[in-house]
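# Observations on chain architecture
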Amino acid sequence: MSLEGSAADPVGEDPAPEVVPSSGALTAKPSGRGRNLIIRLVGLVVSLAALWLVLHSVDLGQCATILSHANPIPLAACLFVIGCQVILRSVRWRLLLPAPRHGGTLKVRRVLPAMLVGYLGNAVLPARLGEPIRAYLVARREDLDAAEAFGSVVLERVVDTATLALVAFVAAIAVHAPSWIIQATGLAALIGIGVTAAIIVIGPTPLVRIARRIVARLPIATRVEPIMGRLDDFARGIDRPSRSSAVVVAVVISAICWGLDATTFWLVAQSIGVPVNPASALLIAAVTVLGTALPSAPGYVGTFDLAASTTAQALGVAAAPAVALAILAHAATVLPTAGGGAISLVAMNVRLGRLATEAAAAEAGAAADAAATADAAAAAASADAAASADGTDAV
């Protein structure tokens, strides 16, 4: 299987010169150290609590024995499945990204390394910093609008999560899962479908304008302005006539990717002799990914393992094999993509820490630009309304 483009153009080769993505993107100050410290501490506490819940009532010796007898052949097959999944996710992200400002077509082989770097950032940095990192990196390398690049990541997360919730709900019904799993996944699916449908039918800009009007009347308006700035990025990044069809295709690709993710969990289960059928593997994978939305230490430590082992046990797997499945699936899904991200960093001759700092500044700058654009549009609309009213009065 090959990526788009010729082999003569290596993945890590950057166009020269580099282009700054937007006027305000690199001038804004990054987030304060205090907020970052709080995020890290909360994630650490959540991860430690999750690890305690996973390990306190299981025989670790038995887990080690199960892992030591793992069959390497299914684990090797996991690498192929994960590779296919990464390529499909690159195709999906390319569909949601804006076109380069200098013209031309955005190639999958150019998107792939930036996405892998983002996966590495999620694995080793707190608060999913890999997401803004990959948006900033692809905008810088490919001369994309910064706000639209950041908005594409938000849209991708919304589509991915909504599709996952629906898949999880169907799988939960298929395997006759406990009622709490069916109810939780059903609620998540309902919310996800509603948000995705609103984006496709109503459009993001009207939704964000309504949200801004509501928030402006609340006493916390100033505090939530960073969140509203992100929503402005989101709306600006996806509010184009061609975007609705791209969202529909992205949903289809997401469903395929989650099927591949379930295949990875099933292969891991086969490697250690855990009796899990494909539908159960799909449910375990879906609940696990939804569980990683909780704040955690880098690499989803604790939250991944707790969600996977708890779901497996709810489906009838014994405690020790369930924990072994969670640990091995965690390693099988995170380490290959993080390794690919490390290779991409070397190929592009960039440093992850510097990218994190620059991405935070670029995201803040893009949010400021988007907020200014929204304010200007609102002012223009008010002026037009006032002019229309004056004209009516004059008549």
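Just so we're clear, the structure is a prediction, and the values are computed from it rather than from any experiment.

Assigned secondary structure in the chain consists of 14 helices and 0 strands. When its helices and strands are written in sequence order, the chain yields α-α-α-α-α-α-α-α-α-α-α-α-α-α. By residue count, 47% of the 395 residues in the chain fall in the buried class. For the chain, long-range pairs separated by at least 24 residues make up 79% of all intrachain contacts whose partners lie at least 6 apart in sequence.

Attention now goes to the state of the cysteines. Tallying each qualifying case throughout the model produces 0 disulfides. No disulfide involves Cys257; its sulfur sits 9.9 Å from that of Cys84, the nearest cysteine. Exposure remark for Cys257: the relative accessible area of 0% places this residue in the buried category.

Moving on, we get to the pattern of salt bridges. According to the stated counting rule, one finds 11 salt bridges in the structure shown. When the shortest N-O distance is used, the salt bridge between Glu156 and Arg134 registers 2.3 Å. Of the two residues, Glu156 sits in helix 6 (residues 146-174) while Arg134 sits in helix 5 (residues 130-142), which places them 22 residues apart along the sequence. Members of the salt-bridge network, linked through shared partners, are Arg89, Arg92, Glu131, Arg134, Glu156, Arg157 and Asp160.

The next thing to look at is helix 7 (residues 179-201). With 23 residues, helix 7 should cover 33 Å at 1.5 Å per step; its first-to-last C-alpha distance of 32 Å lies within 8% of that length. Residues Ile181, Thr185, Gly186, Ala189, Gly192, Thr196, Ala198 and Ile199 constitute the buried set of helix 7. In the segment just after helix 7, Gly203 is the residue with positive phi, at about 105°.

This part takes up unusual backbone geometry. Of note in this structure, Asp143 is not a glycine but carries a positive phi near 60°. Look at His176: it is not a glycine, yet its phi comes out positive at around 55°. By the element assignment, His176 lies in the loop between helix 6 and helix 7.

The final tally for this structure, using the stated rule, is 1 aromatic pair. For the ring pair Phe265 and Phe304, a centre distance of 6.1 Å and an interplane angle of 25° mean the geometry is stacked. One end of the pair, Phe265, is in helix 10 (residues 243-271); the other, Phe304, is in helix 12 (residues 303-314), and 39 residues separate them in sequence. With a relative accessible area of 3%, Phe265 lands in the buried category. The residue whose ring lies beneath Arg89 is Trp258, and the NZ or CZ to ring-centre distance is 4.7 Å. Between Arg134 and the ring centre of Trp93, over which it is positioned, the NZ or CZ distance is 4.5 Å.

Turning next to the side chain of Asp305. Structurally, the position occupied by Asp305 is in helix 12. Reaching out from Asp305, the side chain makes a polar contact with the side chain of His330 at a distance of 3.1 Å.

Turning next to the packing of helix 11 (residues 278-291) against helix 12. Packed helices, taken two at a time, are described by their axes: the angle between them and the distance between them. At a closest axis distance of 8 Å, the pairing of helix 11 and helix 12 adopts a crossing angle of 145°. When the axes of helix 11 and helix 12 are compared, the crossing they make is right-handed. Across the interface between the two elements, Leu283, Ile284, Val287, Thr288 and Gly291 of helix 11 pack against Thr303, Phe304, Ala307, Ala308, Thr311 and Ala312 of helix 12. Tallied by class, the residues present in the contact of helix 11 with helix 12 amount to 7 nonpolar, 4 polar and no charged.

Bringing the packing of helix 6 against helix 7 into the picture now. For the pair helix 6 and helix 7, interaxial distance at closest approach is 8 Å and the crossing angle is 145°. For the pair helix 6 and helix 7, the sense of crossing is left-handed. When helix 6 is examined against helix 7, the residues Leu155, Val158, Ala162, Ala165, Leu166, Ala168, Phe169, Ala172 and Ile173 are found in contact with a partner set consisting of Ile181, Ile182, Thr185, Gly186, Ala188, Ala189, Gly192, Ile193, Val195, Thr196 and Ile199.

This part covers a nonpolar patch on the surface. On the surface, Leu37, Leu41, Leu44 and Leu48 cluster together into a nonpolar patch covering about 380 Å² of accessible area. One can find Leu41 in helix 1 (residues 33-55).

Once that is clear, we can look at the nonpolar core. Counting 68 residues, the largest nonpolar core has Trp93, Leu97, Val117, Ile133, Phe265 and Leu355 as the members making the most contacts within it. Membership of the second largest hydrophobic core comes to 11 residues, among which are Ala171, Ala172, Val175 and Val287.

Along the chain, Arg92 falls in helix 3 (residues 72-96). Residue classification places Arg92 among the buried positions, given a relative accessible area of 0%. Not counting residues up to four positions away in its chain, the partners in contact with Arg92 are Glu156, Arg157, Asp160, Ala250, Ile253 and Ser254.

Leu41 gets classed as partly exposed once you look at its relative accessible area, which sits at 46%. Leu41 sits 254 residues away from Pro295 along the chain, and the two C-alpha atoms are 9.7 Å apart.

Take the confidence of the model for the chain next. Mean pLDDT over the chain: 83, with 80% of residues reaching 70 or higher. Contacts for the low-pLDDT stretch residues 1-31, under 50 throughout, to residues beyond four places or in other chains number 63 contacts.

Right, let's get into the environment of Val46. Tracing the backbone shows Val46 in helix 1. On the basis of relative accessibility, which here comes to 26%, the residue Val46 falls in the partly exposed class. As a C-alpha pair, Val46 and Tyr300 span 254 residues in sequence and 10.0 Å in three-dimensional space.

Criteria and thresholds
- Residues numbered from 1 in each chain as written.
- Predicted model: local features only at pLDDT ≥ 70, side-chain atom pairs only at ≥ 80, totals over all residues.
- Heavy atoms only, no water.
- Helix = DSSP H or I, 4+ residues; strand = E, 2+ residues; numbered from the N terminus.
- Buried < 20%, exposed > 50% of the residue type's maximum accessible area, 1.4 Å probe, protein only.
- Contact = heavy atoms within 4.5 Å.
- Disulfide = S-S within 2.5 Å.
- Salt bridge = Lys/Arg side-chain N within 4 Å of Asp/Glu carboxyl O.
- Expected span 1.5 Å × (residues − 1).
- Phe/Tyr/Trp six-rings, centres within 6.5 Å; stacked < 30°, edge-to-face > 60°.
- Lys NZ or Arg CZ within 6 Å of the ring centre and 35° of its normal.
- Polar contact = N/O pair within 3.5 Å; in protein donor to acceptor, adjacent residues only side chain to side chain.
- Axes fitted to C-alpha atoms, helices over the stretch in contact; angles between N-to-C directions.
- Left-handed = near helix turned anticlockwise from the far one by under 90°.
- Nonpolar A, V, L, I, M, F, W, Y, C, P; charged D, E, K, R; others polar.
- Patch = residues over 30% accessible without salt bridge, like charges linked within 9 Å, V, L, I, M, F, W, Y side chains within 5 Å.
- Areas by Shrake-Rupley, 256 points an atom, 1.4 Å probe, with all protein chains shown as cover.
- Core = buried A, V, L, I, M, F, W, Y, C linked by side-chain atoms within 4.5 Å.
- pLDDT = per-residue confidence, 0-100.

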